[in-house]
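Overview (structure and organization)
Chain by chain, the residues run as shown.
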Amino acid sequence: MAKFVVAGKANCPYYAKAELLADYLQTNLPSFRVHKITQHPDKWEWLHDICETNGWEHRQCPIIWRELLDRGGKGQLLGGLNDFLEYAQRYYGITSMMLSEEMLDIAEENLQAHLAIVKEDEEIKSLIKPIQIWITSASVPICYHLIPLLANGEVFGMTTEISIHLLDAEQFKEILCGIVMEAEDMAFPLLRSISEHTKTDQAFIDADIIIVLDDVLLNLDVQSLENYIREVSEICQVYAPLIEKNAKGEVKVISSGKTFANLKATMLRTYGPSIRPENIIAISTSWESAAKAMLARKLNMNTAGVKDVIVWGNITGSNYIDLSHAKLYGYDCAIRGPPNFHRPLLNMIYDSEWMHSELLSAQSTLRSRVSRCTGMLPAHAIAMLLQYWYHGSPSEEIISLGVLSEGQFCIPEGIVFSMPVRFRNGNWEVVTELEINETTQKVLGRISHELVQEKLVALKEINEMHPYEAE
């Protein structure tokens, strides 16, 4: 069997004549096969590369060679159009009578068809381009537990690939390398790549998602709260301009960790004014999940059946767990219904003493439990939040999220405050139709004051150190 390769520029009339002759031979001769390679006119330097690889001398368009199917090897150069015409006439008694005008018309059709194929290929590639995820302070245990959750396909979808970039200080490079090696050994089919980075100035390149895990280790016996706030603000002052410079325009920024989650999100917005404010959020679902588990234990039911528990306020500081809108699904009581049937949680808890005393003390217990969680719980909260952000949250279910206040519920503008939201079509929206009682409103006012003061302290500290940057 004879197999020939015909290659040329898409707009070349001589290539058009050669490929049509090759098509005719393939159609009419059972032992003749042809493979065509069409190149954009601007990329015809390809000819130099293919000739150099095979040791050929050829400078014209088209180039035609014979593949040695039965012997292997680099193939046998035939030459250009005239050489191909002579070969077809000598061995098969066939030639081409195509006129110059026809050659030009077909060359133009070839060019348009080639451009359409290239455009289609680019669109397909853009659909499978991996999501670029950057994780800061990536040596912490949260990151270790988060990577499998991001790479198993449940968060972004079973056909969406991801690339993970781990960022931390040089002193943690060995830990990062260990995480990278272990993740690669797990052979996740959707993990296109994972890499470690210790150069801050190169951070967040092409980022679609940035997960900020940076924390400060609070010890008020060593230094004041103001100094810790200044540390957080300085971290954000480094990150925010890099996000603006290197990340994609629609980048999603998630603040998590044990300390100052709200403040980190607020200061990233302050120092990164071009970042979309709705794309900077703080994770409060760890608190929400822990509260649901506490209630489920009290009610002796499945935690998954507890819905619409709202966490208001400062996620890693003073917050308020609101049960006034909470619902129970699948609760074993006298009244039963279909799977979507629910009962108000407050109507199902008849222990008023527990509601008014132990629940308040339980919040301090929850704070201790959440603050001690260094792995699975916060990692799961981040993964679940991203899944909601990309695919929507369950219909009508309320999710707690730290978002930039626009004055909803009389909360001061300009601070990141945990409040009820729903995710739809790749966005979130605050559930403003909820009614809150006077007691809750007073609590929100007190918590708001705390967050406003944190922001003012952060701005004051930076203003004293760099007055021209804080203006």
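Look up a bit, the structure's there.
Structural notes, computed from the coordinates. Please read all numbers here as calculations on a predicted model, not as lab measurements.

Thresholds applied
- Just so you know, the residues in each chain are numbered from 1, in the order the chain's sequence is written.
- With pLDDT at 70 or above as the cut-off, local features in this predicted model cover only qualifying residues; side-chain atom pairs require 80 or more to be listed or tallied, and sums for whole chains, interfaces and linings still use all residues.
- The side-chain figures draw on all heavy atoms in the structure; neither hydrogens nor water molecules are used.
- Among buried residues, those of type Ala, Val, Leu, Ile, Met, Phe, Trp, Tyr and Cys that are joined through side-chain atoms within 4.5 Å constitute a nonpolar core.
- Buried residues are those whose accessible area, probed at 1.4 Å on protein chains only, stays under 20% of the maximum for their type, while exposed residues exceed 50% and partly exposed ones sit between those limits.
- Runs of E in the DSSP output that reach at least two residues are strands. Runs of H or I that reach at least four are helices, and both are numbered from the N terminus.
- Here, residues are in contact when the closest pair of their heavy atoms is within 4.5 Å.
- Only the stretch in contact is used when a helix axis is fitted, and all axes are lines through C-alpha atoms; the angle between N-to-C directions ranges over 0 to 180 degrees.
- Note on angle classes: values under 35 degrees are labelled roughly parallel, values over 145 roughly antiparallel, values of 65 to 115 roughly perpendicular, and the remainder oblique.
- In this scheme the handedness of a crossing depends on how the near helix is turned from the far one: anticlockwise by less than a right angle means left-handed, clockwise means right-handed.
- To estimate the expected span of a helix, subtract one from its residue number and multiply by 1.5 Å.
- When DSSP finds two or more bridges between a pair of strands, those strands are recorded as paired.
- Any carboxyl oxygen of Asp or Glu within 4 Å of a side-chain nitrogen of Lys or Arg constitutes a salt bridge here.
- Think of it this way: a Phe, Tyr or Trp ring, Trp meaning its six-membered ring, pairs with another when their centres are within 6.5 Å, and the plane angle makes it stacked under 30 degrees, edge-to-face over 60, tilted otherwise.
- When the NZ atom of lysine or the CZ atom of arginine is within 6 Å of a ring's centre and also within 35 degrees of its normal, the charge is said to sit over that ring.

Structural notes on the nonpolar core
The nonpolar side chains of a soluble globular protein tend to be buried, and buried together. The biggest cluster of nonpolar side chains holds 58 residues, and the ones touching the most others in it are Ile135, Leu166, Ile211 and Leu386. Take this core: its biggest share by element is 9 residues, from helix H12 (residues 376-391). Excluding residues that lie within four positions of it along the chain, Ile211 makes contacts with Ile133, Trp134, Ile135, Thr136, Leu146, Leu150, Ile254, Ile382 and Leu386. Membership of the second largest hydrophobic core comes to 53 residues, among which are Ile275, Leu299, Ile315 and Leu328.

Considering the packing of helix H7 (residues 225-246) against helix H8 (residues 261-271)
Between H7 and H8, the shortest axis-to-axis distance is 8 Å and the interhelical angle comes to 45 degrees. The pairing of H7 with H8 is recorded here as oblique in orientation. The crossing of H7 and H8 is right-handed. Residues Ile229, Val232, Ser233, Cys236, Gln237, Tyr239, Ala240, Pro241, Ile243 and Glu244 of H7 lie in contact with H8, whose contacting residues are Leu263, Lys264, Met267, Leu268 and Tyr271.

Re helix H1 (residues 13-28)
In this model, H1 (16 residues) spans 23 Å end to end at C-alpha, consistent with the 22 Å of a helix rising 1.5 Å per residue. Where H1 is concerned, the buried positions are Pro13, Tyr15, Ala16, Lys17, Ala18, Glu19, Leu21, Ala22 and Leu25.

What about the pairing of strand E3 (residues 63-67)?
Examined bridge by bridge, strand E1 (residues 2-9) and E3 share 5 bridges and lie antiparallel to one another. Bridge assignment links Lys3 to a residue of E3, and that residue is Glu67. The sheet contact formed by E3 and strand E4 (residues 76-79) spans 3 bridges and is antiparallel. Within E4, the residue paired with Arg66 across the bridge is Gln76.

Examining the pattern of salt bridges
Evaluation of the coordinates by the stated rule reveals 17 salt bridges. Here Lys307 makes a salt bridge to Glu397, at a shortest N to O gap of 3.6 Å. Here Lys307, found in strand E11 (residues 306-307), pairs with Glu397, found in the loop between H12 and strand E16 (399-404); they are 90 residues apart in sequence, far enough to count as distant. Here Lys442 and Glu438 are joined by a salt bridge, their closest N and O atoms 3.7 Å apart. In this pair, Lys442 and Glu438 are both assigned in helix H13 (residues 438-465), 4 residues apart and thus about one turn of the helix distant. Both residues of the pair, Lys442 and Glu438, count as exposed. Via salt bridges that share partners, Glu396, Arg422, Arg424, Glu429 and Glu433 belong to a single interconnected network.

Focus: the environment of Pro378
Structurally, the position occupied by Pro378 is in helix H12. Classification of Pro378 as buried rests on a relative accessible area of 8%. Once the C-alpha coordinates of Pro378 and Trp287 are considered, the two residues, 91 residues apart in sequence, prove to be 9.2 Å apart.

So, the packing of aromatic side chains
One pass over the full model with this rule turns up 14 aromatic pairs. On the numbers, 5.2 Å between centres and 15 degrees between planes, the contact of Phe4 with Phe32 is stacked. Residue Phe4 is located in strand E1, and its partner Phe32 is located in strand E2 (residues 32-39); the two are separated by 28 residues in the primary sequence. Take Phe4 and Phe32: they sit in the same class, and that class is buried. Members of the aromatic cluster, each reached through a chain of ring pairs, are Phe4, Phe32, Phe84, Tyr87, Tyr91 and Tyr92. Sitting above the plane of the Trp389 ring, Lys252 keeps its charged end 5.3 Å from the centroid.

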